[in-house]
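Understanding the architecture of this molecule
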Amino acid sequence: MSEPLLRMEHITKRFPGVLALDDVSLEILPGETHGLLGENGAGKSTLLKILSGAYRPDAGSIMLGGKPLELKTPLDAQKHGIVTIYQEFNLIPTMTVAENMFLGREPGKGAFVSWSRMRDETEKVLQHLNLDLDPMMPVSDLSVGEQQMVEIARALSRDSRIIVMDEPTAALTEREVEGLFRIVADLKARGLSIIYVTHRLHEVEQICDRVTVLRDGKRVGGGNVGELKIDDFVKMMVGRSSTQLFTRLGGHRTTGPIVMKAQGISRDRDPTNPHATLLKDVSIEVRAGEILGLAGLMGAGRTELARAIFGADPFKRGSIEIDGKPLILRSPVDAIRNGIGLVPEDRKQQALFLDLAVRHNLAISSLKDLTWGRWFVSDRAETALVERFRKALDIRMASADIQIADLSGGNQQKVVLARWLALKPKVLIVDEPTRGIDIAAKAEVHQQLDMMARAGIAIVAISSELPEVMAISDRIVTMREGRVTGSMPGDRATEESLMHLMAIEQTAPGAAIAGEGRI
Amino acid sequence: MSEAVTDKPRAQTRSVRSRIIPLLSRYAPVVCLVLLIVIFTVLTDGRFLKPLNLFNVMRQISIEGLIAVGMTFVILTAGIDLSVGSLVAVAGLSAALIAKGSAASSFSLSESEATGYGWFAAMLGAIAVGVLGGMIQGTAITKLKVPPFVVTLGGLSVFRGMALMISGSGPISGFDEAYRWWGQGRIGPVPVPVIIFLAIAAVAFVVLRYTRYGRQVYAVGGNREAARLAGVNVERVLLSVYVIIGFLAGLAGFVLSARLNSSEAVAGMGYELNVIAAVVIGGTSLFGGVGTIFGTVIGSILIGVLINGLVLMNVNPYVQQITIGLILVAVVAFDQFAKSRRLK
């Protein structure tokens, strides 16, 4: 066995309230493709950020080629030949391929750039990679897959020794994935090492030599691909003794008729948002009083599905019915009018008006019901509404007139829930309803979702925390790469069975969904 | 990152200094205004505080103040309207043409020759022109997705060009008494333009503060994506604010022509600077979502007081422009400073 090229030893990183990495070690051999696996929040990104110089570890050391390495800034990492290619590319879309390749180190004399040299050298690197791209084309005219190739070409032209790829295939078409794999094999043949972070376990089997698995900030296993099977990875990622954080809420809810039915939703690549997962013929249905959990790994398309149903993003094919009536969704206004609500994924960016008072945040969607003389907002009606939900959801605040920015995350989220409850929706989609809020508040939000379901609202709950999905859902639908891959009753689901569907299953066994879907 | 906020009022943990800064940023315009008034009163031996002078100040600011009220709506949505000055000129000329009819072409100061339609039609015409201009610009912004800065910069040039074409042979002057009353008349001691300005400001205050529409304006400016996902018709709100400022620019064009007893193509030149300055000095954030009509009224008065005071002290008029520009930048700089404090 050859000497490792990179050694990360006993890395520990602590954030306020979280131990993100706990004594993690990682060895990368020269010329290997090393898979880095783990659930959402396992610590992969933190480890990568330390390797790329964006974060500094609290403890531990990094050795490159036998020499200790101190990475203070991302520039340090690049100087030592460690290049990270993130999902969101670091390309300047308005500049050409060649300009991007040589950004910050343009060839030329003095203040003048030599365009011909820049073009020729770019051409050389692209040919090396068998890429048929015009060096003078602006990056914005390239597909996502091609942009990624430019990133790789740039890494190559900088004499990189280690290329880190973070979820490189999430936004690629199958043909682009094949192209990427060819290039990875080629890089390997040249002796470069690749750290390959992915949720797609079959890709690991295809291109990785060894893997390291993280869970809850710890290294929980790893080894040679070939000796380990996909099922072994799943077991390591989930952990046999995963602590049950949430207790399943007691007693089944009784579910009523189907309220919302989405059929054959397909979404093509959207030039304004090229990183969104493409939806492929997705169908789900949810009944009154039911909580439908939507499980999937990052990039599975859950948020995209939620936004399609809510009319926030257009979709190409498919239909959405409420109470058997097909809807025409041009915007969220149409969805809301038909009784659909959405608690979005990113509270601060998509739900809150941080400069406004709590009361204004809560009432913004139901002002129509609070008016007198058609236009004027009735102070009294608004106060009554806020007061009702303050009690019902136990929103803790000094006063309804303070800025919502001054509430804790949990209380902010309750205000967003109240905003929708005030509209008495038929269907409420909650996307990561407990992200960034503390454990106690999480339990409260779970109880409130249960309460809403018992009141007859059909709830679609998206969560990246499997224990959470399992605790709250009557039924769980899994998604992977923009497709539905399975469905099972909430009380029978195990983390392992879900992870299998989320990470491995290729296509939706359609019959199984229909069969198992009913409870 | 984890949530660093607590439910306790944060003031408890704040130092005295960090408590004063937000308070200052809230009342800074009022404090500045009072200070300016005191300074000018002292420096002019009380001439500044004479009722006649005060009404003068108010009359001077009333026309730009009208537009500033509209600009408050626009800036609250994180937009901007640079075309207002040119729109004032087109609206004023339209009003003049309607009021004078065929007499408009023959240069005449005699009101007996008027063959037009009277002040009411003239006012409606001016407003209609403003509304139309706002509607076209608002449509370009919402439907064609051209940034407001670009659309209204284009509008600034287009409307000025139109005004020059309309006026061709020169200013249109000489209106009847009823027309002139809207710019020169008084109710009791109070000039009519001042009453129009304050009445419009009061209506706008109520609209922004107490109506559903007002809430939606703040929401769209505060967080456009969140507003959309909360069911606010964002495009309609955006279009509406440009219609509102167009309406007020049209009205201002009419009042200005009544006050000067003349409409000319160069009227309203440079208004956009004073108007935007008044709104921003009044505490409305150029990033949208924060601001009040009260602040805009104070900001307008502050600029008026500043100019009037400098005039009374015989300061070079060019210095006025320099001062307004500096104050504008200083106020926004302070706002940024206060904000960076708040985020810490």
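Residues take numbers from 1 onward in each chain, read along the sequence in its written order. Chain letters and ligand numbers both follow the written order, the letters beginning at A and the numbers at 1. Local features in this predicted model are restricted to residues whose pLDDT is 70 or higher, and side-chain atom pairs enter the listing and the counts only when it is 80 or higher, whereas totals over whole chains, interfaces and linings include all residues.

**Description of the overall build of chain B**
A count of helices and strands for chain B gives 13 helices and four strands. Neighbour counting defines burial: a residue surrounded by 20 or more other C-beta atoms within 10 Å of its own C-beta is buried, one with 12 or fewer is exposed, and intermediate counts give partly exposed, using backbone-placed C-beta atoms. The 344 residues of chain B split such that 48% are buried. Strands are runs of DSSP state E lasting at least 2 residues, helices are runs of H or I lasting at least 4, and numbering of each runs from the N terminus.

**What about the packing of helix 3 (residues 84-100) of chain B against helix 11 (residues 271-281) of chain B?**
Residue and element names in this part refer to chain B. Contact pair helix 3 / helix 11: the axes reach a minimum separation of 7 Å and the direction vectors enclose 120°. One finds that helix 3 runs oblique with respect to helix 11. Between helix 3 and helix 11, the contacting residues are Val84, Gly85 and Val88 on the first element and Tyr271, Glu272 and Val275 on the second. Note on geometry: axes are C-alpha line fits, over the in-contact stretch for helices, and angles between N-to-C directions span 0 to 180 degrees. Small angles under 35 degrees read as roughly parallel and large ones over 145 as roughly antiparallel, with 65 to 115 read as roughly perpendicular and the rest as oblique. Placing C-beta atoms from the backbone, we regard two residues as in contact once those atoms come within 7 Å.

**Concerning the interface of chain A and chain B**
Each partner contributes residues to the interface: chain A has 35 residues there, and chain B has 26 residues. Looking at the side of chain A that touches chain B, the elements with two or more residues in it are helix 10 (332-337), helix 11 (347-351), strand 20 (376-377) and helix 14 (409-421) of chain A. Asp, Glu, Lys and Arg are counted as charged, while Ala, Val, Leu, Ile, Met, Phe, Trp, Tyr, Cys and Pro are counted as nonpolar; the rest, among them Gly, fall into the polar class. In terms of residue class, the side of chain A that touches chain B is made up of 21 nonpolar, ten polar and four charged.

**Brief notes about the sheet that holds strand 5 (residues 67-69) of chain A**
Residues and elements named next belong to chain A. Strand pairing requires that DSSP identify at least two bridges connecting the strands. Pairing is antiparallel across the open sheet formed by four strands, whose spatial order is 2-1-4-5. The sheet terminates laterally at strand 2 (18-28) and strand 5, the two strands that pair on one side only. Strand-to-strand, the axes of this sheet are offset by a mean angle of 30°, without reference to chain direction. In this sheet, strand 5 lies alongside strand 4 (residues 59-64) in antiparallel orientation, the contact comprising three bridges. Residue Met63 lies in a different strand from strand 5, and its bridge partner there is Pro68.

**Regarding the nonpolar core**
Membership of the largest hydrophobic core comes to 244 residues, with the highest contact counts inside it found for Ile459 and Ala461 of chain A together with Ile67, Ile245 and Leu248 of chain B. In contact with Ile459 of chain A, other than residues within four places in its own chain, are Ile291, Leu292, Leu428, Val430, Leu449, Met452 and Ala453 of chain A. Nonpolar cores are built from buried Ala, Val, Leu, Ile, Met, Phe, Trp, Tyr and Cys residues. These are joined into a set through C-beta atoms within 7 Å.

**Some thoughts on the sheet that holds strand 6 (residues 82-85) of chain A**
Residue and element names in this part refer to chain A. Taken in spatial order, the six strands make up an open sheet running 6-9-10-3-11-12, and their pairing is mixed. In this open sheet, the two strands that pair with only one neighbour each are strand 6 and strand 12 (218-224). Along the sheet, successive strands turn relative to each other by an average axial angle of 20°, direction set aside. Across four bridges, strand 6 lies against strand 9 (residues 162-166) in parallel orientation. Paired with Thr84 across the two strands is Val164, which belongs to strand 9. Running over the sheet, helix 1 (residues 44-51) touches strand 3 (33-37), strand 6, strand 9, strand 10 (193-197) and strand 11 (210-215) and is turned about 150° from strand 9.

**As for the domain arrangement of chain A**
Where each domain begins and ends follows an automated or database-derived domain assignment. With domains assigned, chain A is organised as domain 1 (6-238), domain 2 (254-339 + 427-519) and domain 3 (348-424). Here the C-alpha centroids of domain 1 of chain A and domain 3 of chain A sit 44 Å apart.

**What to know about the pairing of strand 22 (residues 458-462) of chain A**
Residue and element names in this part refer to chain A. Burial runs high along strand 22: five of the five residues are buried. Residues of strand 22 alternate between two faces, with Ala458, Val460 and Ile462 on one and Ile459 and Ala461 on the opposite face, all of them buried. Bridge count for strand 15 (residues 291-295) against strand 22 is four bridges, and the pairing is parallel. Note that in strand 22 the partner of Leu294 across the bridge is Ile462.

**Regarding the confidence of the model for chain A**
Residues and elements named next belong to chain A. Overall, the prediction assigns chain A a mean pLDDT of 86, with 93% of residues at 70 or greater. Per-residue confidence from the predictor is reported as pLDDT, which spans 0 to 100. Per-residue pLDDT, averaged within each element of chain A, yields its smallest value for helix 18 (residues 510-517) (38) and its largest for strand 18 (residues 340-343) (96). Considering only residues more than four positions removed or in separate chains, one finds that residues 240-244, a stretch of pLDDT under 50, has three contacts. Note on residues 508-519: pLDDT under 50 across the span, and 18 contacts to partners over four residues away in sequence or across chains.

**Here we look at the environment of Ser463 of chain A**
Residue and element names in this part refer to chain A. Here Ser463 shows up in the loop between strand 22 and helix 16 (466-472). In the structure, Ser463 is positioned 118 residues away from Glu345 in sequence and 9.4 Å away in space, judged by C-alpha atoms. The residues touching Ser463, leaving out its near neighbours within four places in the chain, are Gly293, Glu432, Glu468 and Val469.

**Looking at helix 14 of chain A**
Residues and elements named next belong to chain A. The first and last C-alpha atoms of helix 14 sit 18 Å apart over 13 residues, in line with the 18 Å expected at 1.5 Å per residue. Among the 13 residues of helix 14, twelve are classified as buried, and the element is accordingly described as predominantly covered. For helix 14, the full list of buried residues reads Gly410, Asn411, Gln412, Gln413, Lys414, Val415, Val416, Leu417, Ala418, Arg419, Trp420 and Leu421. Each helix should span, by expectation, one fewer than its residue count multiplied by 1.5 Å.

**Quick notes on the packing of helix 4 (residues 118-142) of chain B against helix 10 (residues 234-260) of chain B**
Residue and element names in this part refer to chain B. In the contact formed by helix 4 and helix 10, the axes pass within 7 Å of each other and the chain directions differ by 150°. In terms of their interaxial angle, helix 4 and helix 10 are classed as roughly antiparallel. Where helix 4 crosses over helix 10, the two elements pack in a sense that is right-handed. Of the residues that constitute the contact of helix 4 with helix 10, the class distribution is 17 nonpolar, ten polar and one charged. By definition, turning the near helix anticlockwise from the far helix through less than a right angle yields a left-handed crossing, and turning it clockwise yields a right-handed one.

**Observations regarding the confidence of the model for chain B**
Residue and element names in this part refer to chain B. Residues at a pLDDT of 70 or more form 87% of chain B, whose mean pLDDT is 87. Here residues 1-14 is modelled with pLDDT under 50, and outside its nearest four sequence neighbours on either side it reaches 21 contacts, counting other chains as well. In the predicted assembly, ipTM is 0.80 and pTM is 0.76.

**Details of the pairing of strand 13 (residues 258-267) of chain A**
All names here are of chain A. Taken together, the six bridges between strand 13 and strand 14 (residues 279-287) define a ladder with antiparallel strand orientation. Its bridge partner lying in strand 14, Met260 is registered against Val286. Relative to strand 16 (residues 317-322), strand 13 runs antiparallel, the two sharing five bridges. Its bridge partner lying in strand 16, Ala262 is registered against Ile320.

**Focus: helix 4 (residues 115-128) of chain A**
Residues and elements named next belong to chain A. The end-to-end C-alpha distance of helix 4, which contains 14 residues, comes to 20 Å, matching closely the 20 Å that a straight helix rising 1.5 Å per residue would cover. Those residues of helix 4 that fall on the buried side of the exposure criterion are Met118, Thr122, Val125 and Leu126. For helix 4, the angular spread of buried residues about the axis comes to 100°, placing them on one side. Residues of helix 4 that are exposed and point over 90 degrees away from its buried face: Ser116, Lys124 and Gln127. Where the residues of helix 4 are buried, they touch helix 3 (97-101), strand 8 (112-113) and helix 5 (144-157). Of the residues flanking the end of helix 4, it is Asn130, one or two places downstream, whose phi is positive at about 55°. Each direction from the helix axis to a C-beta atom contributes to the arc, which is the arc of those directions.

**Description of unusual backbone geometry**
Where the residue is not glycine, phi is negative for most of them; where a peptide bond is considered, it is trans in most cases. Phi at Glu481 of chain A is positive, roughly 50°, even though this residue is not glycine. Within the fold, Glu481 of chain A resides in the loop between strand 23 (475-480) and strand 24 (483-489).

**A word on the environment of Val129 of chain B**
Residues and elements named next belong to chain B. For Val129, the position within the fold is in helix 4. Considered as a pair, Val129 and Val90 are 39 residues apart in the sequence and their alpha carbons are 7.6 Å apart. In this view, Val129 contacts Val90, Ala91, Ser94 and Gly250; residues no more than four positions away in its chain are not counted.

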